[in-house]
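Here is how the chains run, residue by residue.
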Amino acid sequence: MSNHDEKPARKKISLTAKTEGDKPERKHKPARWSPLQRDRSKSAASEAKPAAKAEQRSHGPAAEGRTEKKHPPGHAGKAKGYREEGASGRPPRTPAKDGAYPRDGRDTRPTRSRDETGTEATPRRRSTPQAPAQLKFFVPCPRGLEGELAKELIELGAADAVAGSGGVKFSGDIALAWKVNLWSRLAIRVLQQVAEGNYRDEEDLYKVTLKQPWSDWFAVDKTIAIRTVAHNSPLKSLNFVTLRIKDAVCDRFRQDLEQRPNVDAREPNVPILIYLDQDRFTLYLDLTGEPLNRRGYRVEPAPAPLNENLAAALLKLSGWTPELPLLDPMMGGGTILLEAAMIALNMAPGIKRHFAFEHLISFDKVEWTRLRKDAEAGQKEPQLLPIYGCDIDPRMIRAAGLNLKAAGLLDCVTLREGDVMAIPAPAEHGMIVSNPPYGVRLDTDATFYKGLGDALKQHFAGWTAWLISGDAEFPKGMGLAASRRIPLYNGPLECRLYEYKLIAGTMRKKT
Ligand SMILES: C[S@@+](CC[C@H](N)C(=O)[O-])C[C@H]1O[C@@H](n2cnc3c(N)ncnc32)[C@H](O)[C@@H]1O
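Because the structure is predicted, anything quoted here is derived from the model rather than measured.

## Topic: the overall build of the protein
And then number 1: Scanning the protein from terminus to terminus reveals 13 helices and 16 strands.
And then number 2: Here the protein holds 511 residues, and 43% of them are scored as buried.

## Looking at the environment of Ile 154
And then number 1: With respect to the secondary-structure elements, Ile 154 resides in helix 3 (residues 146-156).
And then number 2: Exposure remark for Ile 154: the 15 C-beta atoms within 10 Å place this residue in the partly exposed category.
And then number 3: Remark: the alpha-carbon pair of Ile 154 and Phe 170, spanning 16 residues in sequence, is separated by 9.0 Å.
And then number 4: Apart from residues lying up to four places away in sequence, Ile 154 is in contact with Ala 159 and Ala 161.

## Re the sheet that holds strand 14 (residues 464-469)
And then number 1: The strand order across the open sheet formed by seven strands is 12-11-10-13-14-16-15, and the pairing between neighbours is mixed. The open sheet terminates on both sides in strands that have one partner only, identified here as strand 12 (413-417) and strand 15 (484-490). Strand-to-strand twist of the sheet, defined as the mean angle between neighbouring strand axes without regard to direction, takes the value 20°.
And then number 2: In this sheet, strand 16 (residues 493-501) lies alongside strand 14 in antiparallel orientation, the contact comprising six bridges. Pairing of Trp 466 across the sheet is with Glu 499, part of strand 16.
And then number 3: Sheet strands touched by helix 9 (residues 335-344): strand 10 (326-328), strand 11 (387-391), strand 12 and strand 13 (431-434). Its angle to strand 11, the strand with the most contacts, is close to 170°.

## Quick word on the site of the ligand
And then number 1: Taken together, the neighbourhood of the ligand is formed by 22 residues, with Pro 305, Met 330, Gly 332, Gly 333 and Thr 335 sitting nearest.
And then number 2: For the shell around the ligand, the per-class residue count stands at 14 nonpolar, four polar and four charged.

## Describing the nonpolar core
And then number 1: Counting residues in each nonpolar core, the largest one holds 128 residues, and the members touching the most others are Val 139, Ile 274, Leu 314 and Ala 341.
And then number 2: Counting only domains with at least three residues in this core, you end up with domain 1 (35-52 + 294-345 + 380-501) and domain 2 (60-89 + 132-292 + 348-378).
And then number 3: In this structure, Ile 274 is in contact with Leu 205, Ile 226, Thr 228, Val 241, Ile 245, Phe 281 and Leu 283, ignoring residues within four places of it in sequence.

## Thoughts on unusual backbone geometry
And then number 1: A positive phi is found at Ala 304, a non-glycine position, where the angle reads about 50°.
And then number 2: Tracing the backbone through its elements, the reader meets Ala 304 in the loop between strand 9 (280-286) and helix 8 (308-318).
And then number 3: Unusually for a residue other than glycine, Asn 346 sits at a positive phi of about 55°.
And then number 4: Mapped onto the elements, Asn 346 comes out in the loop between helix 9 and helix 10 (365-377).

## A look at helix 7 (residues 238-257)
And then number 1: For helix 7, built from 20 residues, the straight-helix expectation of 28 Å at 1.5 Å per residue is met to within 8% by its first-to-last C-alpha distance of 28 Å.
And then number 2: Along helix 7, the residues classified as buried are Leu 238, Val 241, Thr 242, Arg 244, Ile 245, Lys 246, Ala 248 and Val 249.
And then number 3: After helix 7 finishes, the residue Glu 258 shows a positive phi value of roughly 60°.

## Here's the deal with helix 5 (residues 202-210)
And then number 1: By the burial criterion, the buried members of helix 5 are Glu 202, Leu 205, Val 208 and Thr 209. Burial along helix 5 is one-sided: seen end-on, the buried residues are contained in an arc of 130°.

## Quick notes on the packing of helix 4 (residues 174-183) against helix 10
And then number 1: Across the interface, helix 4 lies against helix 10 with an axial gap of 11 Å and an inter-helix angle of 40°. The chirality of how helix 4 crosses helix 10 is right-handed. Residue-level contacts link Ala 175, Trp 178, Lys 179 and Leu 182 of helix 4 to Glu 367, Trp 368, Leu 371 and Ala 375 of helix 10.
And then number 2: When the residues that make up the contact of helix 4 with helix 10 are grouped by side-chain class, the tally is six nonpolar, no polar and two charged.

## A few points about the packing of helix 5 against helix 7
And then number 1: Helix 7 packs onto helix 5 with a crossing angle of 25° between their chain directions and a minimal axis gap of 8 Å. It follows that helix 5 is roughly parallel to helix 7 by the angle criterion. Regarding helix 5 and helix 7, the two cross each other, and that crossing is right-handed. Only Phe 240, Val 241, Arg 244, Ile 245, Asp 247, Ala 248, Val 249, Asp 251 and Arg 252 of helix 7 make contact with helix 5, whose side of the interface consists of Glu 202, Leu 205, Tyr 206, Thr 209 and Leu 210.
And then number 2: For the contact of helix 5 with helix 7, the per-class residue count stands at eight nonpolar, one polar and five charged.

## Notes on the confidence of the model for the protein
And then number 1: The pLDDT averaged across the protein works out to 81; a share of 72% of its residues lies at or above 70.
And then number 2: When the criterion is pLDDT under 50, residues 1-30 qualifies, and its contacts beyond four places in sequence or with other chains add up to 37 contacts.
And then number 3: Here residues 35-123 scores under 50 on pLDDT; set against residues more than four positions off or in separate chains, the count is 179 contacts.

Criteria and thresholds
By convention here, each chain's residues receive numbers from 1 onward along its written sequence. Where local features are concerned, this predicted model is filtered to residues with pLDDT of at least 70; where side-chain atom pairs are given and counted, the filter is 80 or more; whole-chain, interface and lining totals use all residues. Only DSSP runs of H or I reaching four residues or more are called helices, and only runs of E reaching two or more are called strands; each is numbered from the N terminus. For every residue, the other C-beta atoms within 10 Å of its own C-beta are counted; 20 or more classify it as buried, 12 or fewer as exposed, and values in between as partly exposed. C-beta atoms are placed from the backbone. Working definition of a contact: two residues with C-beta atoms, positioned from the backbone, lying within 7 Å. Pairing between strands is defined by DSSP: at least two bridges between them are needed. Inter-axis angles, ranging from 0 to 180 degrees, are taken between N-to-C directions of lines fitted to C-alpha atoms, where helices are fitted over the stretch in contact. The criterion for a residue being near a molecule or strand is simple: its C-beta atom, placed using the backbone, must lie within 6 Å of it. Under the scheme applied here, ten amino acids are nonpolar (Ala, Val, Leu, Ile, Met, Phe, Trp, Tyr, Cys and Pro), four are charged (Asp, Glu, Lys and Arg), and all others, including Gly, are polar. By definition, a nonpolar core groups buried Ala, Val, Leu, Ile, Met, Phe, Trp, Tyr and Cys residues that connect through C-beta atoms lying within 7 Å of each other. For the domain bounds, the source is a domain assignment made automatically or taken from a database. Expected span, for any helix, means 1.5 Å times one less than how many residues it has. Throughout, the arc means that of the directions going from the helix axis to the C-beta atoms. Crossings are sorted by hand: turned counterclockwise from the far helix by less than a right angle, the near helix makes the crossing left-handed, and turned clockwise it makes it right-handed. Here the word oblique covers every angle except those under 35 degrees (roughly parallel), over 145 (roughly antiparallel) and from 65 to 115 (roughly perpendicular). Note: pLDDT gives the predictor's confidence per residue, expressed from 0 to 100.

Rendered as structure tokens:
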């Protein structure tokens, strides 16, 4: 068999762990994109273990005492002087018949009228139902994606969405926030603002937190955790802030109900977040819990995976549409392919998971079930899509297969093992969206980039490639003229997304 021959379809996939930095031997084997390749990934994936839950738990949400000093979730204009604003449209304090508060955020309190002498007359029912309360939300996202997220939120119905630094603000009723949780592909979480104002010290924060009607928002048997995120805060100990916020929530519950909620730092029912900048605070109920990028399909780890919301953003930014053949030739665990298949089938990214808002008094199971049912009804049946994935490492074929299987998408995507330097294009034209290995996390060098540039030019004429890299050497090494460069962040890593229009013979950069 020459180097250029197809590999036998039933090659055994090695599961032996490699040491870090170990690179699979590069085999220059262009091979056809055949159904056999798909069958092979299928059989690998059929060994799937139901490990999704364990992986999700190991990334528990906000922890009590956990404090972060980092980039802000984005804040607009500052008012002068001490000011605090409670949550608008908080649920009514009058219990419904069953003792519970109405759950849809509407104020259904009977109106009390006054007679001419000023005494209160008997309560009477409102004749028309009130509009749902308008709440304020903040939606953090990976830095650089604020504009795309604002567009996404507007499409979901948040007409006033405004991009800020690190996220997007919008207002609406609580059901809109559930919809964003269910449908946003770019957001990290949805935060419901309950108070904001100026502060000088921890005692200001304690007092304003104590004033909030926490027991209107969740029952005392729910567990809580506080997370403090600060940017340029003058306060010395953010742990102390976290502790004081927790004290205030518990003290307010004791005042109202003579009981206090317990703290669960790893998996709280009700995560609470306080954001501090130099002199202003914003207090939020975190409606999401585990970040939204944890869609519930990642069952098999891959080295240096992209965040799911960043992968979805690359597809958005590239302008890819589902009719266009898509290839990730260095797919790792297949994040880009999974996000693409979900977009193509109109699958809601949150359809397989739960959210913190399900623990709040404002939660309305009937309305939520309706939103989920609508999403399921709009989803296309899984079918073979023009989406292709490849990796030189056979363990990644298995990992991507397992992840696709967990998402119910294994039959939608064609996978194969191969070297990006040698594989043929799976279609005459299409789009490559990929996250090549780069220095910080995977061992690469200038010859790799040069080879990649050459291979794209030779084998993918007529295609457009969008490649994200955090390596400043990448564009030079590739030796191709990028038509666009979009700054983005992959976690803390500053990256660029480069667009290469691959037209044979005209791409090589003049040196
Ligand atoms: C940064 S990772 C991709 C991670 C992926 N986007 C994810 O979310 O899991 C880069 C991948 O490129 C693969 N790779 C490295 N050299 C390659 C080559 N010559 N051909 C194909 N794949 C290669 C590695 O095995 C690794 O899985």
